[in-house]
Amino acid sequence: LHREHPQARFTEDLMHTCDVVELSAGAERDYRQLLARAAQPNFYAPFDETNAAEVDRRFAALTRGAARALEAPLGGGRSLCVVASEGAARSSFEDLCGKPLGAADYIALAQRFHTLVIDDLPQL
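Let me begin by describing the structure that accompanies this report. These numbers were taken from a predicted model, which means no experiment stands behind them.

Our focus in this paragraph is the overall build of the protein chain. The helix and strand tally for the protein chain stands at four helices and four strands. Along the protein chain, from the amino end to the carboxyl end, the secondary structure elements read α-α-β-β-β-α-α-β. Across the 124 residues of the protein chain, 22% fall into the buried class. Within the protein chain, residue pairs in contact and separated by at least 24 positions form 48% of the contacts whose partners lie at least 6 positions apart.

On to the side chain of arginine 90, then. For arginine 90, the position within the fold is in strand S3 (residues 88-92). The residues contacting arginine 90, other than those within four sequence positions of it, are Val55, Asp56, Phe59, Val82, Val83, Leu116, Val117 and Asp119.

Here we take up the sheet that holds strand S1 (residues 68-73). Spatial ordering of the open sheet is given by S1-S2-S3-S4, a layout of four strands whose pairing is mixed. The open sheet has two free edges, formed respectively by S1 and strand S4 (115-119), since each of these has just one partner strand. Ignoring which end each strand starts from, the neighbouring axes of this sheet average 40° apart. Running over the sheet, helix H2 (residues 49-62) touches strand S2 (79-85), S3 and S4 and is turned about 145° from S3. Most of the contacts of helix H4 (residues 103-112) go to S1, to which it runs at about 125°, and overall it touches S1 and S2.

Along H4, the residues that are buried comprise Asp105, Ala108 and Leu109. Projected down its long axis, H4 carries its buried residues within an arc of 95°, all on one side. Within H4, the exposed residues directed more than 90 degrees away from the buried face are Ala103, Ala104, Ala110 and Gln111. In the core, the buried residues of H4 are packed alongside S1, S2 and helix H3 (93-97).

Moving on, we come to a nonpolar patch on the surface. A surface patch of nonpolar side chains, about 260 Å² in accessible area, is lined by Leu116, Ile118 and Leu121. Residue position: leucine 121 is located in the segment after S4.

Let us look at the pairing of S1. Relative to S2, S1 runs antiparallel, the two being bridged by six bridges. Looking at S2, one finds that arginine 68 is bridged to alanine 84. Counting the residues in the hairpin turn of S1 and S2 gives five residues, including glycine 76, whose phi is positive at 65°.

Generally speaking, nonpolar side chains in soluble globular proteins are found buried as a group. Among the nonpolar cores identified, the biggest contains eleven residues, and these are Leu70, Ala72, Leu74, Leu80, Val82, Ala84, Ala89, Leu96, Leu101, Leu109 and Phe113. Contributions of two or more residues to this core are made by S1 and S2. With three residues, the single largest contributor to this core is S2. Residues Tyr44, Val55, Phe59 and Ala88 belong to the second largest nonpolar core, which totals five residues.

On inspection of all chains with the given rule, the structure shows five salt bridges. A salt bridge links aspartate 56 to arginine 90; its shortest N-O distance comes to 2.9 Å. Placement of the pair is aspartate 56 in helix H2 and arginine 90 in strand S3, with a sequence separation of 34 residues. Given a relative accessible area of 40%, aspartate 56 falls into the partly exposed group. Arginine 90 sits in the buried class, given a relative accessible area of 14%. Close ionic contact of aspartate 119 with arginine 90 constitutes a salt bridge, the shortest N to O distance being 2.7 Å. In this pair, aspartate 119 sits in strand S4 while arginine 90 sits in strand S3, placing the two residues 29 residues apart along the sequence. Since its relative accessible area comes to 15%, aspartate 119 is described here as buried. Because the salt bridges share partners, they merge into one network encompassing Asp56, Arg90 and Asp119.

What counts, and where the lines are drawn
- Residues numbered from 1 in each chain as written.
- Predicted model: local features only at pLDDT ≥ 70, side-chain atom pairs only at ≥ 80, totals over all residues.
- Heavy atoms only, no water.
- Helix = DSSP H or I, 4+ residues; strand = E, 2+ residues; numbered from the N terminus.
- Buried < 20%, exposed > 50% of the residue type's maximum accessible area, 1.4 Å probe, protein only.
- Contact = heavy atoms within 4.5 Å.
- Pairing = 2+ DSSP bridges.
- Axes fitted to C-alpha atoms, helices over the stretch in contact; angles between N-to-C directions.
- Arc of directions from axis to C-beta.
- Patch = residues over 30% accessible without salt bridge, like charges linked within 9 Å, V, L, I, M, F, W, Y side chains within 5 Å.
- Areas by Shrake-Rupley, 256 points an atom, 1.4 Å probe, with all protein chains shown as cover.
- Salt bridge = Lys/Arg side-chain N within 4 Å of Asp/Glu carboxyl O.
- Core = buried A, V, L, I, M, F, W, Y, C linked by side-chain atoms within 4.5 Å.

Written out as structure tokens, the structure reads:
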């Protein structure tokens, strides 16, 4: 009976798809350090002219230079204007986090775009 439960099937699929790393309790090791480093950075700070140009270059490569403004559908018949193409989108932090958006809206964006570039993150 347990093996027929959706969670059990999901767990089995996950174990066959992903590498399993055993974490022992009380270990003094930071397992994040075992992960391979990204070939290119995913975060650019400080966001100066040089880094801004690199983000522009990488976004242009992701979108093959075809990015344009479009209305990405969200829940409830609403939409959010983003610059997008080829499954990648770009928006400002203010547009994503300064407006009354909820989990369903972020899920809609994640389902539509494999990559989301967020500009103008405030420094904490």
